[in-house]
Amino acid sequence: MALIAVLYVMIINGVAMLLYYLDKKYAVKKKDRISENNLLLCGALGGSIGSAFGMLFFRHKTKHWKFRILVPLFLAVHFAILVLIF
């Protein structure tokens with residue numbers, strides 16, 4: 001069970017970071033974008049670390065208040081859940 005949880009967290013964080021990369025790339029090329037709701041949903045579903053790194057590494061969505069508040073909040077909630085479990 002723990003292995004499945006670890007794999008899930010690794011995959012969802014990788015997907016979150018990839019989504020931020022792709023959205024930034026699409027923004028630069030003025031193509032269809034990944035919705036803000038999908039980016040935030042991915043962070044809420046366990047990809048908060050990937051979302052935070054995606055924001056920092058790709059300098060994407062860092063000025064939007066929703067992302068500046070919600071991504072760290074998701075990260076804090078996920079950390080609190082991890083502390084409660086272990």
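Residues numbered from 1 in each chain as written. Predicted model: local features only at pLDDT ≥ 70, side-chain atom pairs only at ≥ 80, totals over all residues. Heavy atoms only, no water.

Undergrad: Explanation requested: the packing of aromatic side chains in the structure shown.
TA: Ring pairs (aromatic) are described by centroid distance and by the angle formed between their planes. By the definition in use, this model includes 3 aromatic pairs. Arranged with centres 6.2 Å apart and planes meeting at 90 degrees, the rings of Y20 and F67 form a pair that is edge-to-face. In this pair, Y20 sits in helix α1 (residues 2–28) while F67 sits in helix α3 (residues 65–85), placing the two residues 47 residues apart along the sequence. Each member of the pair Y20 and F67 is classed as buried. (Phe/Tyr/Trp six-rings, centres within 6.5 Å; stacked < 30°, edge-to-face > 60°. Helix = DSSP H or I, 4+ residues; strand = E, 2+ residues; numbered from the N terminus. Buried < 20%, exposed > 50% of the residue type's maximum accessible area, 1.4 Å probe, protein only.)

Undergrad: What am I meant to see in the pattern of salt bridges here?
TA: Pairing is possible between side chains that carry opposite charge, provided their charged atoms lie close to one another. According to the stated counting rule, one finds 3 salt bridges in the structure shown. For E36, the salt bridge goes to K61, with nearest N and O atoms at 3.2 Å. Here the residue E36 occupies a position in helix α2 (residues 36–58), and K61 occupies one in the loop between α2 and α3, the gap between them amounting to 25 residues. Here E36 makes a salt bridge to K66, at a shortest N to O gap of 3.0 Å. Remark: K66 occurs in helix α3 and E36 occurs in helix α2; sequence separation between them is 30 residues. (Salt bridge = Lys/Arg side-chain N within 4 Å of Asp/Glu carboxyl O.)

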